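Summary of structural features
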Amino acid sequence: MAIDIFQVGAQLGAPASKVSNVRYDNSGQQAVARASSQTGRIIQAGVEHVREQIIRTDVLQANNEYVKRTNDLRMQLMQKKEKGALDIVGEYEAGERKIRSELMAQSPQSVKYGKGAMLFDYSTQQTDNANRRVLGQYRAQQFEAWQNTTFANSINSSVQKAVLSPNDPAVIADVQKEIDYAINSRYGTYGRERLDLEYRKWTGVLGQALIDRSYANGDINTAEAYVEKYGPYMDPGVTSAYAKNVYARKQEERLFNMGQNLYATFGEDEGAARDYIFGDNFKTEVDGKAIVKAASADIGNNYGENTCTISINRWLRSAGAKEGNTWAPTNMEDAKDNGVFFTQRNQLRNGDIVYWDWEDNDDSDHVGVYDASTGKVIQSGTHGVAALDLDHYKVLGFAHPISDAPTLEDRQKAWNNYVQQKNINDAIKTNQQNMIIKNIEQRLWDNFKTGIIDSQDMRNMVFSASGGDADVERTLLKFGDDLIGIQTKAAAAVSNSGIYKSIKDAITNSTVTPAEAVSLINQNATA
């Protein structure tokens, strides 16, 4: 008979009368089962943990490869510049899909499906987002750079067009329109303030290019006009430097022309030229009334924008006063340096210069001349030449015009220019004389070798070529007479004619210059 250990165990210790009432109890079995189940769960958990670590390791490996390859792709795409970088985001997206597809194809099952696939997507999404963000920013920068390059090329092309025709107002006006259009196209969405900033900047660039070309061409008057026209659009320091250079060049030209006029008037007479330039021959008084008269005659005329100093220089010049710097702030500085600037109104005289500050920046922005008969100031503005009240703008001060009479230093420079011109003309004259002498001597020598020099023909040739220059005539006549003398003696029927003929033949058949030939003939003839 089989014994049930669980049943026997349950009945141990129980009264015999109650043995039949003892129920079956499997709690021990359940305890063992529970312990066994717990152990199984632990083992299963361990297995799952290992599986998850394997998945995570596989995903990490795939992710590392993804990061490397997408970063390489990003760096490669960021080598593209400006227009070439406009499509890099799209190129990255296509490359990223290809990289992801290739990684999926070569990765284990743990990465392709289930939790591994989810982990891979999550981890790569961070890298993908970062790459897209960086590329998007780079693309925006390069797009901006491309726009700037295109804009700058357009501006430079227009400026070069202006530089080729600096004296053609129609070309300059067309170029300004092209610049305005380029600015509106590039910065039209940036607001009015940015548009105004760019307009001033690039108009200043145009002005500098025109000033440089005019200056290089030696067209100082045009350069001066451009300094005044475009000066407000350039950096104040740059404008001031241009204004000073142009003004200094104008003064150099003035003194050079003075020296040229001295030579034109006195020629080689250095004594007379010196007496004039260092004598008392220049008017030193400034006619203020004449200045106002010249300015009044201009009222109603319009010379365009920024022409105030050029206009007053014209009025000053007509009255024997010295022109000032074409840039108003520098003009006022010069007046202070020359000791003619003042601020007391009771010192105002007819024809004095008035310095205004209409921008309220303590710089002289506008100038005019004072009309004592009306108390008004005649100025050349945007709306033309007109007389305005003295206090129409904020007054900074005044200046008495300076006489155009040359200073002692100016006279010395003018005299140096005269001497230089005289030396140049002397050198040119000597060179011309030598060329004439050399040419006629060769022609006479060619005739001598054939024995057909005619005395009258020789003199006609010399007088025709000399242009009345006595030194040239003396040199050529002696040379011709020497040749004719030898030629005559060689042909004469006298006892020593054979000697002259042999000398003539020997010289004719040798390679010598005409001057060397005459010298040799004379030496032999004397012997």
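The shown structure was predicted, so the numbers you read here are calculated from the model rather than taken from an experiment. (Residues numbered from 1 in each chain as written. Predicted model: local features only at pLDDT ≥ 70, side-chain atom pairs only at ≥ 80, totals over all residues. Heavy atoms only, no water.)

**With respect to the overall build of the protein**
Selection criterion: Starting at the N terminus, helices and strands are each numbered in turn, a helix being any DSSP run of H or I of at least four residues and a strand any DSSP run of E of at least two. Residue exposure (1.4 Å probe, protein chains only): buried if accessible area is under 20% of the type maximum, exposed if over 50%, otherwise partly exposed. By definition in these notes, contact holds between two residues if any of their heavy atoms fall within 4.5 Å. Computed with the Shrake-Rupley method and a 1.4 Å probe, the accessible areas treat only the protein chains shown as cover for residues.
The helix and strand inventory of the protein stands at 18 helices and six strands. Within the protein, the fraction of its 527 residues that count as buried is 38%. If you take every contact in the protein between residues at least 6 apart in sequence, the share linking residues at least 24 apart comes to 67%. About 30,000 Å² of surface is accessible on the protein, with carbon and sulfur atoms providing 52% of the total.

**Observations concerning the packing of aromatic side chains**
Worth spelling out the cut-off: Note on aromatic contacts: the rings of Phe and Tyr and the six-membered ring of Trp form a pair at centre separations within 6.5 Å, being stacked when their planes are under 30 degrees apart, edge-to-face when over 60 apart, and tilted otherwise.
A complete count under the given rule lists 15 aromatic pairs for this structure. Where Tyr263 meets Tyr418, the ring centres are 6.0 Å apart and the plane angle is 45°; that geometry is what we call tilted. With Tyr263 in helix H9 (residues 236–266) and Tyr418 in helix H14 (residues 408–450), this residue pair connects regions lying 155 residues apart in the sequence. Among the residues examined, Tyr263 registers a relative accessible area of 16% and is labelled buried. With relative accessibility at 0%, the residue Tyr418 sits in the buried group. Cluster of aromatic residues (ring-pair linked, three or more members): Phe151, Tyr187, Tyr190 and Trp202.

**Some words on helix H13 (residues 328–337)**
Those residues of H13 lying buried are Ala328, Pro329, Thr330, Asn331, Met332 and Ala335. Those residues of H13 that are buried lie in contact with H9, helix H12 (308–318), strand E1 (341–342), strand E2 (353–357), strand E3 (366–371) and strand E6 (394–399). Gly339 lies just past H13 and shows a positive phi near 75°.

**Re the sheet that holds E6**
This is how it is decided: Two strands qualify as a pair provided that DSSP identifies no fewer than 2 bridges between them. Axis lines are fitted to C-alpha atoms, over the contacting stretch for helices. Their N-to-C directions set the angle, which ranges from 0 to 180 degrees.
Spatial ordering of the open sheet is given by E1-E6-E2-E3-E4-E5, a layout of six strands whose pairing is antiparallel. Every interior strand has two partners, whereas the edge strands, E1 and strand E5 (384–389), have only one. In the sheet, E1 pairs with E6 via two bridges, with the strands oriented antiparallel. When the bridges of E6 are listed, Phe341 appears paired with Ala399. Each of E1, E2, E3 and E6 is contacted by H13, which is oriented at about 130° to E2, the strand it contacts most.

**Details of the pairing of E6**
If a strand is regular, its side chains alternate between the two faces of the sheet. Most of E6 sits out of view: five of its six residues are buried. Two elements, E2 and E6, share five bridges in a ladder whose sense is antiparallel. Considered in E6, the bridge of Ile353 is made with Ala399.

**Some points on the environment of Asn71**
With respect to the helices and strands, the residue Asn71 is situated in helix H2 (residues 27–77). The partly exposed category is assigned to Asn71, whose relative accessible area is 23%. The contact partners of Asn71, leaving out residues within four places of it in the chain, are Thr127 and Asn131.

**Quick notes on the side chain of Ser311**
Here is the rule: Pairs of N or O atoms within 3.5 Å make up the polar contacts considered here, provided that, within protein, one atom can donate a hydrogen while the other can accept it, and that residues adjacent in sequence are counted only when both atoms are side-chain atoms.
When you line up the elements, Ser311 lands in helix H12. Of the polar contacts made by the side chain of Ser311, one reaches the side chain of Ser380; its length is 3.2 Å. Not counting chain neighbours up to four residues away, the residues in contact with Ser311 comprise Tyr303 and Ser380.

**Structural notes on the packing of helix H7 (residues 192–216) against H9**
For the record, the criterion: Each angle gets one of four labels, with under 35 degrees taken as roughly parallel, over 145 as roughly antiparallel, 65 to 115 as roughly perpendicular, and the rest as oblique. In this scheme the handedness of a crossing depends on how the near helix is turned from the far one: anticlockwise by less than a right angle means left-handed, clockwise means right-handed. For this scheme, ten residues count as nonpolar: Ala, Val, Leu, Ile, Met, Phe, Trp, Tyr, Cys and Pro. Four count as charged, namely Asp, Glu, Lys and Arg, and the remainder, Gly too, count as polar.
One can describe the packing of H7 onto H9 by two numbers: an axis separation of 12 Å at closest approach and a directional angle of 20°. Taken together, the axis directions place H7 and H9 in an arrangement best described as roughly parallel. For H7 against H9, the interelement crossing comes out left-handed. Of the residues in H9, those touching H7 at Gln208, Ile211, Asp212 and Tyr215 are Val238, Tyr242, Asn245, Val246 and Arg249. A class-by-class count of the residues in the contact of H7 with H9 yields five nonpolar, two polar and two charged.

**Topic: the side chain of Ser110**
Inspection of the secondary structure assignment puts Ser110 in helix H4 (residues 109–112). Only 2.5 Å separates the side chain of Ser110 from the side chain of Asp58, close enough to count as a polar contact. In this structure, Ser110 is in contact with Ile55, Asp58, Gly116 and Ala117, ignoring residues within four places of it in sequence.

**Side note on unusual backbone geometry**
With a phi angle near 45°, Glu82 is a residue other than glycine that sits in the positive phi range. In this structure, Glu82 sits in the loop between H2 and helix H3 (88–106). You can call Glu82 partly exposed: its relative accessible area is 23%.

**Digging into the pattern of salt bridges**
For clarity, the cut-off: Put simply, a salt bridge is a Lys or Arg side-chain nitrogen that is within 4 Å of an Asp or Glu carboxyl oxygen.
This structure, assessed with the given rule, holds 28 salt bridges. Measuring nitrogen to oxygen at the nearest pair gives 3.0 Å for the salt bridge that ties Arg100 to Glu96. Taken as a pair, Arg100 and Glu96 lie in helix H3 at a separation of four residues, close to a single helical turn. A salt bridge links Arg474 to Asp471; its shortest N-O distance comes to 2.2 Å. Separated by three residues within a single helix, Arg474 and Asp471 lie in helix H16 (residues 470–491), roughly one turn from each other. Residue classification places Arg474 among the exposed positions, given a relative accessible area of 53%. The network of salt bridges with shared partners includes Glu224, Lys250, Arg317 and Glu323.

**Some points on the nonpolar core**
Among soluble globular proteins, nonpolar side chains are generally buried collectively. To keep it simple, the criterion reads: Definition used in this section: a nonpolar core is a set of buried Ala, Val, Leu, Ile, Met, Phe, Trp, Tyr and Cys residues joined via side-chain atoms within 4.5 Å.
With 29 residues, the main nonpolar core has Ile179 and Leu206 as its most contacted residues. Of all the secondary structure elements, the ones that give two or more residues to this core are helix H5 (114–164), helix H6 (169–187), H7, helix H8 (220–230) and H9. Ile179 has contacts with Ile155, Ser158, Val159, Trp202 and Leu206, leaving out every residue within four places of it along the chain. With 22 residues, the next largest nonpolar core counts Val340, Tyr355, Val367 and Ile378 among its residues.

**Some remarks on a negative patch on the surface**
What counts here: Each patch is built from residues that are more than 30% exposed by relative accessible area and take part in no salt bridge. Like charges join if they lie within 9 Å; nonpolar side chains (Val, Leu, Ile, Met, Phe, Trp, Tyr) join within 5 Å. By the counting scheme adopted, Arg and Lys are positive, Glu and Asp are negative, and His together with the chain ends is not counted. Here the site of a charge means atom NZ of a Lys, CZ of an Arg, CG of an Asp or CD of a Glu.
A cluster of like negative charges, contributed by Glu333, Asp337, Glu359 and Asp363, occupies part of the molecular surface. Checked against the element boundaries, Glu359 lands in the loop between E2 and E3. A relative accessible area of 45% means that Glu359 is categorised as partly exposed.

**Re the packing of H5 against H7**
The angle between the axes and the distance between the axes are what describe a pair of packed helices. Packing of H5 against H7 brings their axes to within 10 Å, and their N-to-C directions diverge by 35°. When the axes of H5 and H7 are compared, the crossing they make is right-handed. For the pair H5 and H7, contact is made by Phe151, Ile155, Val159, Ala162 and Val163 and by Trp202, Leu206, Ala209, Leu210 and Arg213, respectively. Each residue belonging to the contact of H5 with H7 can be placed in one class, and the counts come to nine nonpolar, no polar and one charged.

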